[in-house]
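One-letter residues, chain by chain:
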Amino acid sequence: MSDAQRGADVMFTTVKLGKTTFEELSRSMFQVAPLASSAGLSFEETAAAIAALTQQGVPTAESMTRVRDAIQAIIKPSAEAEKVAEALGLEFNASALQANGLKKTFDDIHEATGGDIEVLGRLFGSVEGLGAVLSLTGVDGKLFRPMVLMVVFALTAALLLSVTYVPAMASLLLRVK
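Residues numbered from 1 in each chain as written. Predicted model: local features only at pLDDT ≥ 70, side-chain atom pairs only at ≥ 80, totals over all residues. Heavy atoms only, no water.

Draft legend 1. Representation of the environment of Leu 160 in the model. Here Leu 160 lies in helix 10 (residues 144-163). Classification of Leu 160 by relative accessible area gives exposed; the value is 52%. Leu 160 sits 47 residues away from Thr 113 along the chain, and the two C-alpha atoms are 41 Å apart. (Helix = DSSP H or I, 4+ residues; strand = E, 2+ residues; numbered from the N terminus. Buried < 20%, exposed > 50% of the residue type's maximum accessible area, 1.4 Å probe, protein only.)

Draft legend 2. Structural context of the side chain of Ser 63. If you trace the backbone, Ser 63 turns up in helix 5 (residues 60-75). Within the structure, the side chain of Ser 63 is placed 3.4 Å from the backbone oxygen of Val 58, a separation counted as a polar contact. In this structure Ser 63 touches Ile 50, Leu 53, Thr 54 and Val 58, once residues within four positions along its chain are discounted. (Polar contact = N/O pair within 3.5 Å; in protein donor to acceptor, adjacent residues only side chain to side chain. Contact = heavy atoms within 4.5 Å.)

Draft legend 3. Inspection of the packing of aromatic side chains at higher detail. Counted under the stated rule, the structure contains two aromatic pairs. Their ring planes at 20° and their centres at 4.6 Å tell us that Phe 12 and Phe 22 sit as a pair that is stacked. With Phe 12 in helix 1 (residues 3-17) and Phe 22 in helix 2 (residues 22-28), this residue pair connects regions lying 10 residues apart in the sequence. By relative accessible area, Phe 12 is classed as partly exposed at 49%. On the numbers, 5.4 Å between centres and 80° between planes, the contact of Phe 92 with Phe 124 is edge-to-face. Placement of Phe 92 in the loop between helix 6 (79-88) and helix 7 (94-113) and of Phe 124 in helix 8 (residues 117-124) is noted, with a sequence separation of 32 residues between them. Residue classification places Phe 92 among the buried positions, given a relative accessible area of 5%. (Phe/Tyr/Trp six-rings, centres within 6.5 Å; stacked < 30°, edge-to-face > 60°.)

Draft legend 4. Representation of the packing of helix 6 against helix 8 in the model. Taken N-terminus to C-terminus, the directions of helix 6 and helix 8 make an angle of 130°; their axes are 7 Å apart at the nearest point. In this view, helix 6 runs oblique relative to helix 8, as classed from their interaxial angle. Contacts between helix 6 and helix 8 involve Glu 80, Ala 81, Val 84, Ala 85 and Leu 88 from the first element and Val 119, Arg 122 and Leu 123 from the second. (Axes fitted to C-alpha atoms, helices over the stretch in contact; angles between N-to-C directions. Parallel < 35°, antiparallel > 145°, perpendicular 65-115°, else oblique.)

By themselves, these figures tell us nothing about what the structure is for.
Next up, the structure:
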């Protein structure tokens, strides 16, 4: 499966799982994709975060902004965020994000802070970044993990279909007589 096909499959799955359109995703993906990729996050997990946020009613462009700001706060924390993270014994940096992925990093942060909105606010700084973490962890975040799994399963199914069914059908339909 080509990267373009994989990307299209991820986006179509995001549309199916979230409350967005392919056009909205295409128009606003640039806000988060380069940063997420640079941070070592998979396109599937990033898209699952967008699907989970839009499923909660957050508009697509705002979802992109929230995820981007949360990632940015982790890979380039403020001096205050570094102090708070150190006091919590929390690894709050690009290495943790790359090693653990978005979901586990957010869950670790939520657990370390006890979900305290004031502490989370000091870590993330922006309302948008804070909004992503609050929406993707705790009670509201119950959809995020299933979204990640659904995106991965859909891609696996598409890959299996393209490797097994498509060649078989092509050979039947294109058989020379």
